[in-house]
Every structure is written in structure tokens, then in C-alpha cells.
Amino acid sequence: ATEISKIYLDTQNKILPKLNNYKNNLVGHWKLNENDSGSLAYDNTDKRNNGVLENSPTWKPYGGPYGGPCLNFDGTNEYITLPNSSKTVLHQSSFTISAWVNYTTSGVYEFFISVRNTNSSTTNSWLQFGLTNSTLRFSFHGSGSDLDSSGFTFSTGVWYHLVAVYDITVGQKI
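Just so it is clear, the structure is predicted and the values come from calculations on it, not from any experiment.

Draft legend 1. Layout of the overall build of the chain. Helix and strand counts for the chain come out as 1 helix and 12 strands. The linear arrangement of helices and strands in the chain, starting from the amino end, is α-β-β-β-β-β-β-β-β-β-β-β-β. Within the span of the chain, comprising 174 residues, buried residues form 26% of the whole. As displayed, the chain offers around 10800 Å² of accessible surface, 50% of which is attributable to carbon and sulfur atoms.

Draft legend 2. Fine view of the packing of aromatic side chains. Under the defined criterion, the tally for this structure stands at 1 aromatic pair. Measuring from ring centre to ring centre gives 5.4 Å for tyrosine 66 and tryptophan 100, while their planes differ by 70°; the resulting arrangement is edge-to-face. With tyrosine 66 in the loop between strand 3 (58-60) and strand 4 (70-72) and tryptophan 100 in strand 6 (residues 95-101), this pair connects stretches of sequence that are 34 residues apart. What makes tyrosine 66 partly exposed here is its relative accessible area of 29%.

Draft legend 3. Broad picture of the pairing of strand 11 (residues 160-167). Only one face of strand 11 is buried, namely the one carrying Tyr160, Leu162, Ala164 and Tyr166, since none of His161, Val163, Val165 and Asp167 on the opposite face is buried. Pairing of strand 6 with strand 11 involves 7 bridges; the strand directions are antiparallel. When the sheet's bridge partners are listed, valine 101 is paired in strand 11 with tyrosine 160.

Draft legend 4. The arrangement of the environment of glycine 75 in detail. Secondary-structure assignment places glycine 75 in the loop between strand 4 and strand 5 (79-81). Accessibility expressed as a relative area gives 59% for glycine 75, which makes it exposed. For the pair glycine 75 and tyrosine 103, spaced 28 residues apart in sequence, the C-alpha to C-alpha distance is 8.9 Å.

Draft legend 5. The arrangement of the sheet that holds strand 2 (residues 51-54) in detail. Read across the sheet, 3 strands follow the order 1-2-5 without closing on themselves; strand pairing throughout is antiparallel. With partners counted over all chains shown, the strands left at the sheet margins are strand 1 (40-41) and strand 5, one partner each. Pairing analysis gives 2 bridges linking strand 1 to strand 2, with the strands arranged antiparallel. Pairing of leucine 40 across the sheet is with valine 52, part of strand 2.

Draft legend 6. Local environment of unusual backbone geometry. Non-glycine residue asparagine 35 carries a positive phi angle of around 50°. Turning to its location among the elements, asparagine 35 is positioned in the loop between helix 1 (2-14) and strand 1. Phi angles above zero are rare outside glycine, and serine 37 is one such case at about 60°. Along the chain, serine 37 falls in the loop between helix 1 and strand 1.

Draft legend 7. Examining the environment of glutamate 78 more closely. If you trace the backbone, glutamate 78 turns up in the loop between strand 4 and strand 5. Overall, the relative accessible area of 15% leaves glutamate 78 in the buried class. The residues contacting glutamate 78, other than those within four sequence positions of it, are Glu54, Asn55, Ser56, Pro57, Asn72 and Phe73. Polar contacts involving the side chain of glutamate 78 include one to the main-chain amide nitrogen of aspartate 74, which spans 2.6 Å.

Draft legend 8. Fine view of the environment of alanine 99. Tracing the sequence through the fold places alanine 99 in strand 6. As a C-alpha pair, alanine 99 and valine 163 span 64 residues in sequence and 6.7 Å in three-dimensional space. Other than its neighbours up to four places away in sequence, alanine 99 contacts Phe112, Tyr160, His161 and Leu162.

Procedures and definitions
Residues numbered from 1 in each chain as written. Predicted model: local features only at pLDDT ≥ 70, side-chain atom pairs only at ≥ 80, totals over all residues. Heavy atoms only, no water. Helix = DSSP H or I, 4+ residues; strand = E, 2+ residues; numbered from the N terminus. Buried < 20%, exposed > 50% of the residue type's maximum accessible area, 1.4 Å probe, protein only. Areas by Shrake-Rupley, 256 points an atom, 1.4 Å probe, with all protein chains shown as cover. Phe/Tyr/Trp six-rings, centres within 6.5 Å; stacked < 30°, edge-to-face > 60°. Pairing = 2+ DSSP bridges. Contact = heavy atoms within 4.5 Å. Polar contact = N/O pair within 3.5 Å; in protein donor to acceptor, adjacent residues only side chain to side chain.

Rendered as C-alpha cells:
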């Protein structure tokens with residue numbers, strides 16, 4: 001874990017583009033690595049769309065994708081509530097969602113992102129991104145269909161970096 005953390009820190013400082021290069025276009029960037037025992041998921045953009053931790057997910061000092069801190073959800077009823085201002089992108093433009101996930105169990109429905117825009121009068125008012133029967137699924141209401149990955153089996157206890165893209169002119173991609 002120490003070597004992985006060192007590699008991560010080295011690449012953040014030397015190779016990978018900085019978040020500042022993309023800041024104007026970001027709706028939110030929640031690292032979920034605060035490990036401060038608090039009840040907020042801090043948004044690291046200028047928009048400050050901080051989320052509220054619901055039903056007490058647990059902060060862990062280690063175990064994240066690079067060995068550092070992370071937020072642990074029990075898979076039953078824990079989630080993060082985001083302000084509606086962070087959800088307006090759902091029906092207005094193309095967008096990308098990415099997350100690091102590590103499933104400790106596999107169930108029928110294991111969504112790591114589930115968003116509903118309660119202020120929307122359009123058909124594109126919610127999305128879900130996660131596992132359904134161990135198949136990666138990106139569901140965007142109003143886009144015509146769900147998009148499933150094929151031929152890939154998820155293992156429990158392994159970190160995965162997952163990305164979904166919705167292009168308003170083309171549709172969705174995993």
C-alpha cells in the first residue's frame with residue numbers, strides 16, 4: 001500500500017494533467033478521502049456542491065484505490081445527497097461520470113451512482129450507474145435504453161475505475 005501511495009503521489013505531481021485544467025467544466029469532484037469523521041462529502045470544484053452523508057457511511061484511514069483514506073458504504077442504506085444544482089447537467093448537455101469502486105459483496109442491484117433531478121420537467125431526470133447481477137449497467141432515463149457491459153466479470157475486493165459517458169447527440173457509452 002505504501003508503494004502504491006508513493007506512485008500515486010508521484011504521478012499527481014509530474015505526469016497527469018491537473019484538475020485545474022478542467023475546473024470550468026466540472027459540475028463536481030468528490031474525492032471521498034477526507035477521513036475527517038464528518039458528515040459532508042466535499043466538492044473540490046469552485047461550485048462547492050458538497051454532499052451530505054446519509055445513514056453514516058464510515059470513513060476509513062486506508063483502503064482507498066491508492067492505499068489512502070476512503071469512504072465505506074455498507075451496501076444497505078448509506079448514500080450521499082447532493083444539492084439539486086449539481087444535477088442540472090442531466091438534461092442539458094453531454095457529461096462524463098467516473099468513480100473508483102470496490103464491491104465487497106455482489107448482489108442483484110449494486111448501484112454506486114443513482115441520481116434523480118427532482119427539479120426537472122424533462123424526461124432525462126435520473127440516471128444509475130453500477131452493477132445489476134454482476135453486469136455493469138449505465139441507465140439514463142429518456143435515452144432509449146440501458147447500456148450493459150458484456151464479457152466482463154467483476155470480482156469482489158478489487159478496485160475498479162469505471163467511466164460512463166453520455167453524449168447528447170449520440171447516446172451513452174461505458
